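Per-entry structural report
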Amino acid sequence: MRFPTIDLLRYAVRDSLRKWLDKSGACESGIGIYCYHGLVQKRQDKQLERNFQSVSDFREHVQFFRRHGVMTLENLTHPLAQGGGSDRRRAVITFDDGYANNLLAAEILAEAKLPWCLFVSTAAMGRQKAMWLVELSLLLLHGRCDRLEALGQAWQLRERKERENAYKAIRYRLKPMPANSCRQAMNEIRGQFPASEMERLLEQFPSLRMMTWEQVKRLSDAGVEIGSHGVEHEIHHPAQDPEVRRRELVESKKEIERQVGKRCRFFAFPNGDYCDHSAQELEAAGYELAFTTRPGFIRPESNPFLLPRISPGGSLAKLKHQLSELC
Ligand SMILES: [Zn+2]
């Protein structure tokens, strides 16, 4: 079913994005939307915290972005109203998931007076909670269990190498599964570890703790844009039940709006994945822009519901190298 008002919104957003990009020459100079997950002072475990940046690297990135200009997502949706035509601001800073360690980023970005957007998975908010992919990583790499039965086979977890191999293989197999099969497999896995294992592991690895809603609200009140990253971080792949994808979009939006008291307008695809129906599903759910993790700069022809993002890979030198490869 199509909704005329949603079509109008889609065309308005796409048209204004295109006009602004054309006018500002931003395509040539490149607007990068940067996707971070978290910050750590020092990594405790390279595998577990592989998506996190060191605070010192992030500070350097921030100075680099600051020199080139940082914009808000609002600037992208209403560029003409912002006088964006003559403005060459070129970076948008985003963080996915909602880890409590993002409060470090909040401090650094507040000091630098730069805007950013936080995409949260609503069911995971709270100090004792974790998204299923984080739970899998903690249990498989550090949980108390020597031998695991999962996905119809046995996995040895006696040594670190065995644990890493099992984690990689199981994660790889769970990600493309429909949510209910994945949840069933996670229940089976969870049941083989001691009852309070996740509490212990989140104590041991505090960088993986999630923010509370109070913290999210405080960031929102301070001007940080809060976007959605789904309810349960379910991946929008083609094998996913369309009703699961719809619920992830609609329910997370509602919950964020209830918690922070502002409209939730933006979405980041969990795992960066999307399917042929995604753009249409995003419009129908009332979002204005959505972000993948497909690397690239935004272009006038970019679909506003499938915008690329750049995931910085470490030092500023590495980031500059990544950018040179995208040009
Ligand atoms: Zn995520």
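Quick caveat, the model's predicted, so the values are computed rather than measured.

A look at the overall build of the chain
Along the chain, the regular secondary structure elements total 13 helices and ten strands. Residues classed as buried in the chain amount to 40% of the 327 residues present. Put simply, of all contacts in the chain between residues at least 6 apart along the chain, 70% involve residues at least 24 apart.

Some points on the pairing of strand β4 (residues 91–97)
Across the seven residues of β4, seven count as buried, placing the element largely inside the fold. Handedness of the β-α-β unit built from β4, helix α5 (residues 102–111) and strand β5 (residues 117–120) comes out right-handed.

Observations concerning the environment of Val70
With respect to the secondary-structure elements, Val70 resides in the loop between α3 (55–68) and α4 (73–77). Measuring from C-alpha to C-alpha, the distance between Val70 and Ile33 comes to 9.7 Å, with 37 residues separating the pair along the chain.

Let's talk about the nonpolar core
Within the largest apolar cluster, 77 residues are counted, with the highest numbers of intra-cluster contacts made by Leu118, Ala130, Leu138, Ile226 and Ala290. No other element matches helix α6 (residues 132–142), which puts six residues into this core. Residues lining this core come from more than one domain, with at least three contributed by each of domain 1 (29–50 + 69–91) and domain 2 (132–204). Leaving out residues up to four positions away in the same chain, Ala290 has contacts with Phe266, Phe267, Phe269, Leu282, Phe305, Leu306 and Leu307.

Thoughts on the environment of Glu283
Checked against the element boundaries, Glu283 lands in helix α12 (residues 278–284). Considered as a pair, Glu283 and Phe305 are 22 residues apart in the sequence and their alpha carbons are 7.7 Å apart.

Thoughts on the pairing of strand β6 (residues 147–150)
Note that β6 and strand β7 (residues 153–156) share four bridges and pair antiparallel. Each residue of the ladder has a partner; that of Glu149, found in β7, is Ala154. A loop of two residues connects β6 with β7, the two strands running antiparallel in sequence, and Leu151 in this loop sits at a positive phi of about 55°.

With respect to the packing of α3 against α5
Between two packed helices, what matters for the description is the angle formed by their axes and the separation of those axes. The N-to-C vectors of α3 and α5 enclose an angle of 35°; their axes lie 11 Å apart at closest approach. Helix-helix and strand crossings are classified by hand; for α3 and α5 the assignment is right-handed. Packed against α3, whose contacting residues are Val55, Phe58, Arg59 and Val62, the element α5 presents Leu104, Ala105, Ile108 and Leu109 at the interface.

Some remarks on helix α11 (residues 242–260)
Compared with the 27 Å implied by 1.5 Å per residue over 19 residues, the 27 Å span of α11 between its first and last C-alpha is a close match. Taken residue by residue, α11 has Arg245, Glu248, Leu249, Ser252, Lys253, Ile256 and Val260 as its buried positions. Down the axis of α11, the sector holding all buried residues measures 105°, keeping them to one side. Facing away from the buried side of α11 by over 90 degrees, the exposed positions are Pro242, Glu243 and Arg258. Each element contacted by the buried residues of α11 is listed here: β5, α10 (213–221), β8 (225–228), β9 (266–268) and α12.

Reading guide: rules and limits
- Residues numbered from 1 in each chain as written.
- Predicted model: local features only at pLDDT ≥ 70, side-chain atom pairs only at ≥ 80, totals over all residues.
- Helix = DSSP H or I, 4+ residues; strand = E, 2+ residues; numbered from the N terminus.
- Buried ≥ 20, exposed ≤ 12 C-beta atoms within 10 Å, placed from the backbone.
- Contact = placed C-beta atoms within 7 Å.
- Right-handed = clockwise from strand over helix to strand, strands pointing away.
- Core = buried A, V, L, I, M, F, W, Y, C linked by C-beta atoms within 7 Å.
- Domains from an automatic or database assignment.
- Pairing = 2+ DSSP bridges.
- Axes fitted to C-alpha atoms, helices over the stretch in contact; angles between N-to-C directions.
- Left-handed = near helix turned anticlockwise from the far one by under 90°.
- Expected span 1.5 Å × (residues − 1).
- Arc of directions from axis to C-beta.

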